[in-house]
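Commentary on secondary and tertiary structure
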Amino acid sequence: MIELDIYSPTEEIFSPLFTKKELRVFVKRDDMIHPFISGNKWRKLKYLLLEAQKQNKKHLVSFGGAYSNHLLATACAGAKFGFKTTGFVRGEAVKNDILSLCQLFGMKLIFTDRESYKNKQLLFDKHFQSDPLAFFIDEGGASQEAIKGCSELLDELNIEYDHIFCAAGTGTTIAGITKGIKERSLKSQIHVIPVLKGADELKTEIEINSGCKDFEFHQNYHFGGYAKTDESLMTFIKNFCKETGILIEPVYTGKMFYALFDLIAHDHFEAGSEILAIHTGGLTGISGMHDRFNF
Ligand SMILES: *Cc1c(COP(=O)(O)O)cnc(C)c1O
């Protein structure tokens, strides 16, 4: 039986900036759900795993880049709940901490050139058509099941926050949260921080998946694109970690918190507002980033 009690507390963080602007900021600690089935990746996988189990599948097959938090989550969840796992990894064969952990959790890796990688269903069919036990999970877990899983985060909140912040890659997580807000008739204003450049399509996709257009889309915090950083972002992250005791990383949560602080500094919120930032996890790779932090 697939069960994982969620431990994701909410805590308030403090900064002279918040005091000055008369705001309160809280962090939903989804990074604490599990060290490897991290944050939103657990929420996204939950109903997919239940569906795989329902269909008597025994082998999870999924897709990701060489630093994919999703592949790691799938590998660990597979090991925990008794599924075999295979991960198609985009690009030439490489070694890194994330992929080693995937393998340690028993995942078989298939490195795939960028052209073939584009058609995931074809890859799956080619390798696993004859395996009735194989279960397809799209890159990042993107699916209706994932949207449903993410929307459940709202049931864990004790306050109806005025604003909710979340980083977006595929936008599945934020679509789930936006949909959940609508379903529960909450008044919280959603703020999306895309971590990649040129995210117009992403906006449309979130609108379609959530059935809602009423969110703020902050396009200008991608720092040059996916996994790109600059000195101001890295300095911000160092200060944030030092001042809150909460780790964040440069690919997702660093950009989201940077945006939040920047918008606060520019008086984007009314005094008295209560703001929730969702910490989506993704900290596994951070120990390998010492050169980027320039200590
Ligand atoms: C995958 C990931 C995201 C993005 O989630 P999407 O559903 O793809 O938008 C955000 N934060 C972290 C830490 C992630 O690993």
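Here the structure is a predicted model, which is why all the values come from computation and not from measurement.

This next bit is on the pattern of salt bridges. All chains considered together, the criterion is met by 17 salt bridges. Of the charged contacts in the structure, one is a salt bridge between K28 and E156, with a shortest N-O distance of 2.8 Å. Of this pair, K28 sits in strand β2 (residues 24-29) while E156 sits in the loop between α7 (144-151) and β7 (163-168); the two residues are 128 residues apart in sequence, bridging distant segments of the chain. Note on E156: relative accessible area 29%, which makes it partly exposed. A salt bridge links D155 to R184, with the shortest nitrogen-to-oxygen separation between them at 2.7 Å. On the criterion of sequence distance, the pair formed by D155 in the loop between α7 and β7 and R184 in the loop between α8 (172-183) and β8 (189-194) is long-range, its members being 29 residues apart.

Taken together, 14 residues lie near the ligand, and K41, K44, T170, T173 and T280 sit nearest. T170 is positioned such that a nitrogen or oxygen atom in its side chain is 2.6 Å from an oxygen atom of the ligand. Within the backbone of G171, one N or O atom sits 2.8 Å away from an oxygen atom of the ligand. Burial of the ligand by the surrounding chains reaches 97%, relative to a free accessible area of 390 Å². Only α2 (40-54) and α8 provide two or more residues apiece to the shell around the ligand. Element by element, the count of residues in the shell around the ligand is highest for α2, at 3 residues.

Spatial ordering of the open sheet is given by β1-β2-β10-β7-β8-β9, a layout of 6 strands whose pairing is mixed. One side of each edge strand has no neighbouring strand; the edge strands of this open sheet are β1 (10-13) and β9 (215-217). Within this sheet the neighbouring strands show an average axis-to-axis angle of 25 degrees, counted without direction. Alignment of β1 against β2, held across 4 bridges, turns out to be antiparallel.

Let us look at the packing of α2 against α7. Relative to each other, α2 and α7 sit at 125 degrees, their axes nearing to 6 Å. Of the possible angle classes, the one that applies to α2 and α7 is oblique. The chirality of how α2 crosses α7 is right-handed. Of α7, the residues touching α2 (which contributes R43, K44, Y47, L48 and E51) are E145, A146, K148, G149 and C150. A class-by-class count of the residues in the contact of α2 with α7 yields 4 nonpolar, 1 polar and 5 charged.

In this section: helix α4 (residues 97-104). All buried positions along α4 are accounted for by I98, L99, L101 and C102. Down the axis of α4, the buried side of the element spans an arc of 160 degrees, and every buried residue falls inside it. On its buried face, α4 is in contact with α3 (69-81), β4 (84-90) and β5 (108-112). N-capping of α4 is provided by N96, with a side-chain oxygen placed 3.0 Å from the backbone N of I98. Downstream of α4 by a residue or two, G106 has a phi angle that is positive, lying close to 95 degrees.

On to the side chain of T253, then. Of note, T253 is situated in helix α11 (residues 253-265). The exposure class assigned to T253 is buried, which follows from its relative accessible area of 0%. Beyond its immediate stretch of four places on either side in the chain, T253 contacts I248, H279, T280 and G281.

Parameters and conventions
- Residues numbered from 1 in each chain as written.
- Predicted model: local features only at pLDDT ≥ 70, side-chain atom pairs only at ≥ 80, totals over all residues.
- Heavy atoms only, no water.
- Salt bridge = Lys/Arg side-chain N within 4 Å of Asp/Glu carboxyl O.
- Helix = DSSP H or I, 4+ residues; strand = E, 2+ residues; numbered from the N terminus.
- Buried < 20%, exposed > 50% of the residue type's maximum accessible area, 1.4 Å probe, protein only.
- Near = heavy atom within 4 Å.
- Polar contact = N/O pair within 3.5 Å; in protein donor to acceptor, adjacent residues only side chain to side chain.
- Areas by Shrake-Rupley, 256 points an atom, 1.4 Å probe, with all protein chains shown as cover.
- Pairing = 2+ DSSP bridges.
- Axes fitted to C-alpha atoms, helices over the stretch in contact; angles between N-to-C directions.
- Parallel < 35°, antiparallel > 145°, perpendicular 65-115°, else oblique.
- Left-handed = near helix turned anticlockwise from the far one by under 90°.
- Contact = heavy atoms within 4.5 Å.
- Nonpolar A, V, L, I, M, F, W, Y, C, P; charged D, E, K, R; others polar.
- Arc of directions from axis to C-beta.

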